[in-house]
Amino acid sequence: MEGTHNCRTIAIANEKGGVGKTVMTINLGAALSLKGKRILIVDADPQANATRGLGVSTPEGMTTVYDLMKDPAIRSTRELAIKTRWDRLDLIPSTVDLVGAEVELVDIKGREYRLREALEGLSESYDFILIDTPPSLSLLTVNVFACAREILVPCQTHPYSYDALEELFDTVSAIGQEINPDLSIIGIVATFFDARTRVSHRIVEKLKEDPRYGPLLFNSQIRVNTTIADSALSGKPVLFYRKGSFGSIDFMQLAQELLEKKT
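In this report, the structure presented in the accompanying data block is examined. Note that the coordinates shown come from a computational prediction; the quantities given were computed from them, not determined experimentally.

The rules we used
- Residues numbered from 1 in each chain as written.
- Predicted model: local features only at pLDDT ≥ 70, side-chain atom pairs only at ≥ 80, totals over all residues.
- Heavy atoms only, no water.
- Pairing = 2+ DSSP bridges.
- Helix = DSSP H or I, 4+ residues; strand = E, 2+ residues; numbered from the N terminus.
- Salt bridge = Lys/Arg side-chain N within 4 Å of Asp/Glu carboxyl O.
- Buried < 20%, exposed > 50% of the residue type's maximum accessible area, 1.4 Å probe, protein only.
- Core = buried A, V, L, I, M, F, W, Y, C linked by side-chain atoms within 4.5 Å.
- Contact = heavy atoms within 4.5 Å.

1. Comments concerning the sheet that holds strand β7 (residues 184–193)
The strand order β3-β4-β2-β5-β1-β6-β7-β8 describes an open sheet built from eight strands, whose pairing is mixed. A single partner strand is all that each edge strand has here, and the edge strands are β3 (82–83) and β8 (217–223). Where strand β2 (residues 39–43) lies against strand β4 (residues 89–92), four bridges are found, and the strand directions are parallel. Note that in β4 the partner of I39 across the bridge is L89.

What follows is the structure, given as C-alpha cells:
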C-alpha cells in the first residue's frame, strides 16, 4: 500500500467499543491536515460515526465502503473519496449497509483483500490513510488489517479496556502470520484520561510497566473533554470546532508524535 512518497496506512483499532476510536480517527486526521498533510479517512464501521463526525450525509449513489467491499473494481469507474469541508481532508464514507457485506462475501474467495484491492493506487494522492474499524473482530476488521501497515490503538484508561488489549495483540499477530506480514502496532494511546481519578493514573502505570505495551505507549494522552462530544454532535472535528480546547491541544500533540514515530 505504500507509494513512492511513503503514504502511511494506519488502522485505528481496538476490539473493545467505546474507547474513542472514531474520535481519534477524525481528530487525528484533522490535526495532521492542519500540519499540511493530505489525509484520507476511510470509515469501515457500519455505525458510520466517522462519516457523521465529519458532517457528511450519504445520499443515494455516493460511493461508500460497502460498494468497495462488494466490488473493488468500482474504483476504475467512480471517484472514491469525497472532499469534506476542510482542506486536505477527504473521506470514503460508510453506511449501515456495510453490515450486509459480511454475509454477502462469506463464500467469496479472497474476501479478506477486498478493501486492499479497492484502495490500491490511492496512496499516491495522500500522506496518510486513516481507517476507522468496527469494535469487534469481523470480516470488516480483517479487511482493514489486510490493507493497513500500522495500527494505532486507543486504550481507554479503564480496566476493561486494558484487559482487551491482549486479545487485540493476539489477533494482530495471527493476521500478521496469515494475511499481512507488513502489519505492526505502532502505538497505544491512553484515552479518556482523567487526572483527578486514581484509576486513570493506575491504568497508565500498568501500560508503562507491561513489557508488551510499555515501549509502544505514546506520551500524548487524550484527556476527558466534553468539547470533543459537542464537536461530534455538530459534525466537526474538535480542532475546527474549538481550537483552544484540551481536545484540540491533545490531538495536535498526538499528530506531532505520530509524525516523529515511524515503524
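Moving on from the coordinates now.
2. What to know about the pattern of salt bridges
Enumeration over the complete set of coordinates arrives at seven salt bridges. Across the pair D127 and R38 runs a salt bridge, and its minimum N-O distance is 3.4 Å. Of this pair, D127 sits in the loop between α5 (114–119) and β5 (128–132) while R38 sits in the loop between α1 (21–34) and β2; the two residues are 89 residues apart in sequence, bridging distant segments of the chain. Note on R38: relative accessible area 32%, which makes it partly exposed. Here R149 ties to D182 by a salt bridge, and the two come within 3.7 Å at their closest N and O atoms. Residue R149 is located in the loop between α6 (139–147) and β6 (150–156), and its partner D182 is located in the loop between α7 (159–178) and β7; the two are separated by 33 residues in the primary sequence.

3. Some remarks on the nonpolar core
Counting residues in hydrophobic clusters, the biggest one holds 53 residues, and the most contacted among them are I92, L119, F145, I151, I188 and L207. Ranked by residues supplied to this core, first place goes to α6 with seven residues. With near-sequence residues (within four places) excluded, I151 lies in contact with I10, A11, A13, F145, V172, L183, S184, I185, I186 and G187. Residues L91, L130, V189 and I222 belong to the second largest nonpolar core, which totals 31 residues.

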